[in-house]
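Residue-level structure breakdown
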Amino acid sequence: MGQTDEMRSQKDDVPIRDEDVDREFKYEVADHFGGEGLLRCLKCGACSGGCPVAAVTDYRPRKVLGNVLLGLKDLVLSSDDIWMCAACFTCEERCVQEVNFTDVITILRNMAVREGHASKGYLDMARTVLQHGRVVPMTHAVNRMRDKLGLPELQEPDMEELSQIMSSAGFDKILSIYAGRDTTE
Amino acid sequence: MRMAIAWGCLVPSRRSLIGYEAATRKVLEHLGVEIVDIPNETCCAPFWMQSLDVTTSLALAARNLAKAEQMGLDLLTPCSGCFHSYKRVNHTMEKYPGMKQRIQEILRSARLRYEGTVDARHLVDFLFTDIGMDEIKSKMVRDLEGIDLGLRYGCHMLKPHELLNIEYSERPIFADQILETLGATSKQYTGRHRCCGGLLRGTDDDLADEVLRDRLLDANAAGVDSLVTVCSLCHIQHDMGQRIIKNKFDIEDLAIPVLHYPQVLALAFGFSPKEIGLQQHTASTSTLVAKLRGEVKEGGGA
Ligand code: SF4
Ligand code: SF4
């Protein structure tokens, strides 16, 4: 299918200037678990070739990798690009260098979240889980439909265990970065 | 055979997905598999939660595994997203001792314990590997001959194969083989292995639509009687998303039923479309049901 007319990914800012470069960035990413493969990247582009998002936009995993390896930390972490990956793992499966790009994306997103750049949609889903224990709250209508199909009544999620786990893992602190920001319920 | 089962958030609570649960329960009972629901199951915290914080995601997923471990059972799930989450926990705990410690420490704060001994299994792989095609064939009541299916393996049941360890994802055949055993034709067509964009729903809906449009056009061009999915997110995309795509991109002839994988088995095992919730899907299944009524031969055996 054709490209969309709209420019969806970040504009190229060339030339790259020294002051935009953080030479430690790639080591910082590679230090996280799952990021070990990053430094092996050959920039061959096989990842971009099989990417279903690259097929319909100008998002390219290789370009994200290039920017990470160059050290463009601020640009990468604040860009929409890192939220465009559909996590299909095709790039990870095909990469001869075992870079594990989808895991690299996870690390980049986790870093971006701590800098205030979380995807609003995902944040809302997390808030729903924290409140209801599941990403879709139960409704009476659904319970009636379940009943009609002969399904057992759905058990309530264990909210005590869930909120304890989320707070021990530090998720409260992450949410507090976004406290007061406009989100829809 | 006895298995713990985790249904996930979406399967038991969406109109078009509760048929997935109904069909899974019926099929497993028909095959003599006893299932025990994970008590007070909580969200498996899949990839979108991992995107926010990987530690929170793993610890949350480990909660349901801990319950299965307590019961001494392996964990079955019909949702590829859940499957991926649970496999990720075990893999991480095995490979990164530091993370294992951290996950266990978090669980301890909630008075839970997980040692990593529970095997997480995807329903479709379980049907193929543990039940087997001979057994499935022997339990058939009717043959699905003449039905052309477009099977969507999706991403999170198979990729990356190093983590999930079912079958190499580029050319999988096991799930096709079961459908063919039931007498149906599993159509091979361009694009059937490509991602549907499900995880982009909620974070970038326009992008999710663009990726999905191509998958639906691929299936339409292949002329299948129904698509078949093995993942709750894939079903939401192809079934509920179909209406969005039809209107947004003005595609007049788009009307493809989308079955959940065990619904196909349930039909071959003699359950009625109504018992397994086919009437609740967003994309009408009536053309398929009519074809089944007209063409399905009684008597079993392929
Ligand atoms: S991640 Fe792998 S496939 Fe992509 S450019 Fe680097 S080496 Fe090539
Ligand atoms: S995992 Fe993300 S970057 Fe990789 S191929 Fe899939 S959508 Fe593209």
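To be clear, the structure that these remarks concern was listed above.
Summary of the structure given here. All values derive from a computational prediction rather than experimental measurement.

The grouping of Arg144 and Lys148 of chain A together with Arg15 and Lys274 of chain B at the surface amounts to a positive patch. Note on placement: Arg15 of chain B falls in the loop between strand 1 (2-5) and helix 1 (18-30). Arg15 of chain B gets classed as partly exposed once you look at its relative accessible area, which sits at 45%.

Let's shift gears to the sheet that holds strand 2 (residues 34-37) of chain B. Residue and element names in this part refer to chain B. Spatially, the four strands line up as an open sheet ordered 2-1-3-4, and their pairing is parallel. Edge strands, defined here as strands with exactly one partner in the open sheet, are strand 2 and strand 4 (120-122). Geometrically, the sheet is characterised by an average inter-axis angle of 40° between neighbouring strands, direction not taken into account. Of the pairings in the sheet, the one linking strand 1 to strand 3 (residues 75-77) comprises two bridges and is parallel in character. Directly across from Ala4, in strand 3, lies its bridge partner Leu75. The sheet contacts of helix 6 (residues 123-131) involve strand 1, strand 3 and strand 4, and relative to strand 4 the element is tilted by about 90°.

It is worth spelling out helix 10 (residues 205-222) of chain B at this point. Residues and elements named next belong to chain B. When the terminal C-alpha atoms of helix 10 are compared, their 26 Å separation across 18 residues agrees well with the 26 Å that a helix rising 1.5 Å per residue should span. The buried fraction of helix 10 is high, at 13 of 18 residues. The first or second residue beyond helix 10 is Gly223, which carries a positive phi of 65°.

Moving on, we come to the packing of helix 10 of chain B against helix 11 (residues 232-248) of chain B. Axes are the key here: two packed helices are described by the angle between their axes and the distance separating the axes. Residue and element names in this part refer to chain B. Put simply, helix 10 and helix 11 touch, their axes get as near as 9 Å, and they point 95° apart. Here helix 10 lies roughly perpendicular to helix 11, going by the angle between them. Here Asp206, Ala208, Asp209, Leu212, Arg213, Arg215 and Leu216 of helix 10 lie close against helix 11, whose contacting residues are Gln237, His238, Gly241, Gln242, Ile244, Ile245 and Lys248. The residue makeup of the contact of helix 10 with helix 11, split by class, is five nonpolar, four polar and five charged.

As a matter of local geometry, ligand 1 sits amid Cys41, Leu42, Lys43, Cys44, Gly45, Ala46, Cys47, Leu65, Cys95, Gln97 and Val99 of chain A. Broken down by class, the residue content of the shell around ligand 1 amounts to eight nonpolar, two polar and one charged.

Turning to helix 8 (residues 140-148) of chain A, its buried residues are Val142, Met145 and Arg146 of chain A. Down the axis of helix 8 of chain A, the buried side of the element spans an arc of 100°, and every buried residue falls inside it. The outward face of helix 8 of chain A, more than 90 degrees from its buried face, is lined by the exposed residues His140, Arg144, Asp147 and Lys148 of chain A. Where helix 8 of chain A is buried, its residues touch helix 1 of chain B.

Calculation notes
Residues numbered from 1 in each chain as written. Chains lettered and ligands numbered in written order. Predicted model: local features only at pLDDT ≥ 70, side-chain atom pairs only at ≥ 80, totals over all residues. Heavy atoms only, no water. Patch = residues over 30% accessible without salt bridge, like charges linked within 9 Å, V, L, I, M, F, W, Y side chains within 5 Å. Areas by Shrake-Rupley, 256 points an atom, 1.4 Å probe, with all protein chains shown as cover. Salt bridge = Lys/Arg side-chain N within 4 Å of Asp/Glu carboxyl O. Lys, Arg positive; Asp, Glu negative; His and termini not counted. Charge placed at Lys NZ, Arg CZ, Asp CG, Glu CD. Helix = DSSP H or I, 4+ residues; strand = E, 2+ residues; numbered from the N terminus. Buried < 20%, exposed > 50% of the residue type's maximum accessible area, 1.4 Å probe, protein only. Pairing = 2+ DSSP bridges. Axes fitted to C-alpha atoms, helices over the stretch in contact; angles between N-to-C directions. Contact = heavy atoms within 4.5 Å. Expected span 1.5 Å × (residues − 1). Parallel < 35°, antiparallel > 145°, perpendicular 65-115°, else oblique. Nonpolar A, V, L, I, M, F, W, Y, C, P; charged D, E, K, R; others polar. Near = heavy atom within 4 Å. Arc of directions from axis to C-beta.

Keep in mind these numbers describe shape, not what the thing actually does.
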